[in-house]
Amino acid sequence: MSRQKMLARALIVFALLGACGTGARLAAAGEFVAEARTIAELKAVFGQVESRTVVPARARIGGTIREIGISEGREVKEGEVIARVVDDKLTFELNAADAKIAALQSQLDNARTEFDRAQQLLARGIASQSRLDQAKTQFDVIVSQVAAAQADKAVIEQRTREGAILAPATGRVLTVPVTLGSVVLAGEEIARIASGQYYLRLSLPERHATEIKEGGTVLIGQRGLSPVASGGSAAARQARIAKVYPEIADGRVIADVEVADIGDYFVNERTLVWIPVGERKVIAIPPAAVTTRHGVDYVRVATPDGPLDVAVVLGETFQDGDGPRLEILTGLRPGDRIVMPDVAP
């Protein structure tokens, strides 16, 4: 054997040792020992995207909607004007308040003049003290009436300003159940805004109640309802069970899962979630140890008589600390020495 071939074979063996990881046990160069290991038994369920809080934006006064500045799916900021309600009666009430204040202001000017005249006459001894007191009382009454009329006008102005409907919180608009020209009453819902952090809500059969724990890890698939669209459990990402509700309703256990970066999902959108419901022992080997010929999967096993290709039935692919692993349903036993195809003699 030439020096280059020997060096190439040594490099391949070194790469396989790194791929197998520190947790794999090698019987000899290029061999992998099949060992039974315990993995979590996963069950695929549907999780539904929900918002922590959904806040309604309501009309504060009754009237006609003259302006709508939002639509479904738009992001809004807290305090932003999203619509405007106009009550035509408020304009007439405001004009009436202005007229009342103007009339009272005229009476106030007249009462001030009478009060000043009474003071002057009393100083010259022409008028009595009772006339001065009467003029002062009349002046004070009108002053109070002017203040009350101005307060009434301020109330009307405030009601006019309350025609602007404000976003109660920062979030995404879910629904806008009104249109321009709609007549609404005070307190009627103008829009629904998802303002809280998104999370996944799981509804699990009662038999899994004892396996679900707060802080447990679950796997979240990609967007899509089918295992193919979601990428399967091998392509899933991890998430944490944030809360398990203590009440079982209709034979279902409710649990919430915290997931990062699902803000672009639809509220009430469903996606596949794999939850651990138990444990099982499996024989797992690296995917590189499997070769396929004519649709049949083979694993090369080292025997006293030399390497032997054994047909196997493959199960699921999963990840562990040593990298990707293939579950072997039949064909191998714990302790079998697997010859890696790339370094087979």
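Every residue gets a number counted from 1 within its own chain, in the order that chain's sequence is written. Thresholds applied to this predicted model are a pLDDT of at least 70 for local features of residues and 80 or more for the giving and counting of side-chain atom pairs; totals over whole chains, interfaces and linings are not thresholded and use all residues. Calculated side-chain values reflect all of the structure's heavy atoms, with hydrogen atoms and water omitted.

Attention now moves to the overall build of the chain. Numbering goes from the N terminus for both helices and strands, where a helix is a DSSP run of H or I of at least four residues and a strand is a run of E of at least two. The secondary structure content of the chain amounts to four helices and 21 strands. Counting every position in the chain, which comprises 345 residues, the buried fraction comes to 35%. We call two residues in contact whenever any of their non-hydrogen atoms come within 4.5 Å of each other. A separation of at least 24 residues holds for 72% of the contacts in the chain among residues at least 6 apart in sequence. Exposure was quantified through the Shrake-Rupley algorithm and a 1.4 Å probe, taking into account, for residues, occlusion by the shown protein chains and nothing else. Accessible surface, the chain as shown: approximately 19,600 Å² in total, 54% of it carbon and sulfur. When accessible area is computed with a 1.4 Å probe and restricted to protein chains, residues below 20% of their type maximum are described as buried, those above 50% as exposed, and intermediate ones as partly exposed.

Criterion used throughout: strands pair if DSSP finds at least two bridges between them. Within the open sheet, the four strands sit side by side as E3-E10-E8-E5. Their pairing is antiparallel. Whereas interior strands pair on both sides, the edge strands pair on one side only; in this sheet they are strand E3 (54-58) and strand E5 (75-76). Relative to strand E8 (residues 171-175), E5 is paired through two bridges, and the arrangement is antiparallel. Following the sheet pairing, glutamate 75 is matched in E8 by arginine 172.

Turning our attention to the packing of aromatic side chains. We call Phe, Tyr and Trp rings a pair once their centres come within 6.5 Å, taking the six-membered ring for Trp, and we label the pair stacked below 30 degrees between planes, edge-to-face above 60, and tilted otherwise. In the structure shown here, the tally under the stated rule is one aromatic pair. For the pair phenylalanine 115 and phenylalanine 139, a centre-to-centre distance of 6.1 Å together with 10 degrees between the ring planes defines the contact as stacked. Here phenylalanine 115, found in helix H2 (residues 88-123), pairs with phenylalanine 139, found in helix H3 (residues 129-161); they are 24 residues apart in sequence, far enough to count as distant. You'll find phenylalanine 115 and phenylalanine 139 in the same group, each marked buried. As a reminder, the over-ring test applies to NZ of lysine and CZ of arginine, requiring each to be within 6 Å of the ring centre and within 35 degrees of the ring normal. Across the ring face of phenylalanine 46, the terminal group of arginine 270 is positioned such that the distance to the ring centre comes to 4.7 Å. The ring of tyrosine 298 is capped by arginine 293, whose NZ or CZ atom sits 4.4 Å from the centre of that ring.

A word on the sheet that holds strand E7 (residues 164-166). Strands pair in a sheet through their backbones, by hydrogen bonds, and they do so in one of two ways: parallel or antiparallel. In spatial order, the strands read E7-E6-E4-E9; together these four strands make up an open sheet with antiparallel pairing. Edge strands, defined here as strands with exactly one partner in the open sheet, are E7 and strand E9 (183-184). In the sheet, strand E6 (residues 81-86) pairs with E7 via three bridges, with the strands oriented antiparallel. For valine 81, the partnering residue across the bridge sits in E7 and is leucine 166.

The length a helix should cover is 1.5 Å for every residue beyond the first. With 33 residues, H3 extends 48 Å between its outermost C-alpha atoms, agreeing within 8% with the 48 Å of an ideal straight helix rising 1.5 Å per residue. Every buried residue belonging to H3 is among Leu132, Ala135, Phe139, Ile142, Val146, Ala149 and Ile156, and all of these are buried. Its buried side turned inward, H3 meets H2.

Turning next to the packing of H2 against H3. The packing of two helices is summarised by the inter-axis angle and the distance between the axes. The angle between two axes is taken between their N-to-C directions and runs from 0 to 180 degrees, where each axis is a line fitted to C-alpha atoms and a helix contributes only its stretch in contact. Interhelical geometry of H2 versus H3 gives an angle of 160 degrees and a closest axis separation of 8 Å. Relative to H3, H2 is oriented roughly antiparallel. Seen along the crossing, H2 lies across H3 with a hand that is left-handed. Ten residues, namely Ala, Val, Leu, Ile, Met, Phe, Trp, Tyr, Cys and Pro, are considered nonpolar, four, namely Asp, Glu, Lys and Arg, are considered charged, and the remaining ones, Gly among them, are considered polar. Residues of the contact of H2 with H3, tallied by class, amount to 19 nonpolar, eight polar and 12 charged. Roughly parallel covers angles under 35 degrees, roughly antiparallel covers those over 145, roughly perpendicular covers 65 to 115, and oblique covers all other angles. When the near helix sits turned anticlockwise from the far one by under a right angle, the crossing is termed left-handed; a clockwise turn instead gives a right-handed crossing.

Structurally, the position occupied by isoleucine 275 is in strand E15 (residues 270-285). Setting aside its immediate chain neighbours within four residues, isoleucine 275 contacts Glu41, Leu42, Lys43, Val45, Leu202, Leu204, Ile212 and Val218.

Turning next to the confidence of the model for the chain. Per-residue confidence from the predictor is reported as pLDDT, which spans 0 to 100. Confidence in the prediction of the chain, expressed as mean pLDDT, is 82, and 86% of residues score 70 or more. When the elements of the chain are averaged for pLDDT, helix H1 (residues 3-20) gives the smallest value, 36, and E6 the largest, 95. The low-confidence segment residues 1-29, where pLDDT is below 50, has 30 contacts with residues more than four positions distant or belonging to other chains.

One non-glycine residue, asparagine 268, lies in positive phi territory at about 75 degrees. Structurally, the position occupied by asparagine 268 is in the loop between strand E14 (252-258) and E15. Note on asparagine 268: relative accessible area 47%, which makes it partly exposed. Residues other than glycine seldom take positive phi values, yet histidine 294 does so here, at roughly 55 degrees.

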